[in-house]
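What the coordinates show
This is what each chain is made of:
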Amino acid sequence: MSEYLVLLVSTALVNNVVLVRFLGLCPFMGVSKRVDSALGMGLATSFVIVLAAALSWILEHWLLAPLGLGYLRIMTFILVIAAVVQFTEAVLHKMAPNLYQMLGIYLPLIATNCSVLGLPLINMQEGHGFVTTLVYDFGSALGFTLAMVIFAGMRERLALAKVPDTFAGTPIAFVLASLMSLAFMGFSGLNFK
Amino acid sequence: MIAAIVSLTLLGAILGLALGVAARKFAVEGDPLIDEIEAMMPGSNCGQCGQAGCAGAARAIAEGTAPVTSCPPGGKGLAAALAAKLGVTLDLSTVVDEGPKLAQVSEEICIGCCRCLKVCPTDAIVGAAKQIHNVIREACTGCGNCVERCPTEAVAMRPVPVTLQHWVWPKPESTAAA
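This write-up is about the structure you can find in this document. (Residues numbered from 1 in each chain as written. Chains lettered and ligands numbered in written order. Predicted model: local features only at pLDDT ≥ 70, side-chain atom pairs only at ≥ 80, totals over all residues. Heavy atoms only, no water.)

Right, let's talk about the interface of chain B and chain A for a bit. On the chain A side, the residues contacting the 14 residues of chain B number 19 residues. Both faces combined, the contact of chain B with chain A buries some 1,300 Å², and carbon together with sulfur accounts for 84% of it. Considering only the surface of chain B that becomes buried against chain A, Leu-8, Leu-19 and Phe-26 of chain B emerge as the three largest contributors, covering 38% of it. Scanning the region where chain B abuts chain A turns up 0 salt bridges. Taken together, the connections running from chain B to chain A amount to 0 residue pairs in polar contact (both at pLDDT 80 or more). (Contact = heavy atoms within 4.5 Å. Buried area = accessible area lost by both parts, 1.4 Å probe. Salt bridge = Lys/Arg side-chain N within 4 Å of Asp/Glu carboxyl O. Polar contact = N/O pair within 3.5 Å; in protein donor to acceptor, adjacent residues only side chain to side chain.)

Dropping the structure here:
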C-alpha cells in the first residue's frame with residue numbers, strides 16, 4: 001500500500017507531468033485564464049488519461065504483445081485516445097453543458113494532448129503492471145489538475161497586477177510557468193525513508 | 001500483416017460501435033425553438049448583432065435577452081418573421097431597412113491589399129495580393145465586415161441591382177409596411 005502512496009506522490013509532485021516532464025503544455029497555457037475552467041479541464045483530462053491508460057494497457061498486453069504487433073502501438077493508442085475523448089465530450093455535453101461551453105475547442109484537443117499519449121507509452125517503457133499503471137496515471141492526472149489550478153489562480157492574480165507592456169499577456173504567463181516549474185523541481189529532493 | 005489489419009479493423013469497429021451507443025445514450029435534446037430560429041437566420045456568423053455567431057443570436061432571441069430586430073443582415077423581413085414566430089408585437093418603423101445590399105469593390109481605389117478577403121465570412125471576395133479584388137454576388141451575404149476593414153474605402157455596400165432574374169412584382173404599399 002505504501003508503495004502506491006509513494007508512487008502517487010512521486011507522479012503528482014516530483015515527476016509532475018506538466019512542470020517536470022513538460023507534456024501537455026497546450027491546455028496548460030490555453031485554458032488557465034480562470035480557475036473554474038482550469039479545474040474542469042484538469043478533471044476532463046484526468047478522466048481521459050486514466051481511462052485511456054487502462055484501455056491501452058489492456059490492448060498492449062492482450063492484443064499487441066501476443067500478436068507481435070508492437071510497431072502498431074502508437075497508432076492503436078491514438079485510436080483509443082480519440083475514442084475516449086469523443087466519449088468524454090458526449091458525456092460532458094449531457095452532464096455539464098456549461099463546462100462544455102467553457103472548454104470549447106480545448107475539449108476535442110485533449111485528443112492531441114501529448115500527456116495523454118505520453119503516459120501510456122511511459123507505462124509500456126517501464127513495464128508497469130495494471131494496478132501500477134492505474135496509480136501512476138491517476139497520480140499524473142492529479143498532478144496535471146493541480147498544476148492547472150495553481151497556475152490559473154496565479155494568472156487570475158496576475159490580471160490585476162501591473163505588468164510592463166512588453167510582458168503583458170502571454171509572455172508573463174510563460175515567465176510564470178517557468179518559475180512554477182522551477183519551484184516544482186524542488187520536489188526532486190523529497191526523501192521517502 | 002493480416003493479424004494487424006484484422007485486429008485494427010476490429011478495434012476500430014468496436015470503438016465506433018461503442019461511440020455510437022454512447023452518442024445515442026447521451027444525446028442532448030436541444031430546444032427545438034432555438035434550432036428553428038437558427039435555421040431562419042442568415043447563417044453567415046458575421047457577428048454584427050454582438051453575439052457569438054448565429055447560433056448564439058438564436059439562443060439569445062429565444063430566451064428573450066435579445067430583440068428580434070437584432071440581426072442587421074436579416075433586416076425587416078427576418079424581424080417580421082421572428083416576431084410572428086415568437087408572438088411578439090413589433091414596431092417595424094424602428095427597423096432601418098434599405099433593402100438588400102451587397103458589397104462592391106471600386107476598381108479605381110482598390111490597392112489589392114487582401115485584407116477584405118480575410119474578414120469575409122463566406123469567402124465571397126476573390127483576388128490576390130496587388131490584384132484588384134471583386135465580390136462574388138451569389139456568395140455575398142451583405143454583412144459589411146469588409147467595409148470596415150478596407151484601408152482605402154474601396155468597398156461599399158450598394159443596393160442589389162434589379163435584374164431580370166430576380167425582379168418581382170412590387171407588393172402593394174399597405175402589406176409591405178406590415
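Attention now moves to the side chain of His-133 of chain B. Residues and elements named next belong to chain B. Residue position: His-133 is located in the loop between strand E2 (125-126) and strand E3 (134-135). Residue His-133 is classed as buried on the basis of its relative accessible area of 3%. Reaching out from His-133, the side chain makes a polar contact with the backbone nitrogen of Cys-114 at a distance of 3.0 Å. Of note is the side chain of His-133, whose polar atom sits 3.2 Å from the backbone oxygen of Gln-131. Those residues in contact with His-133 that lie beyond four places of it in its chain are Val-105, Cys-110, Gly-112, Cys-113, Cys-114, Cys-116, Leu-117, Ile-125, Val-126, Gly-127 and Ala-128. (Helix = DSSP H or I, 4+ residues; strand = E, 2+ residues; numbered from the N terminus. Buried < 20%, exposed > 50% of the residue type's maximum accessible area, 1.4 Å probe, protein only.)

Let us look at the environment of Leu-176 of chain A. Structurally, the position occupied by Leu-176 of chain A is in helix H8 (residues 170-185). Leu-176 of chain A sits 18 residues away from Leu-158 of chain A along the chain, and the two C-alpha atoms are 9.4 Å apart.

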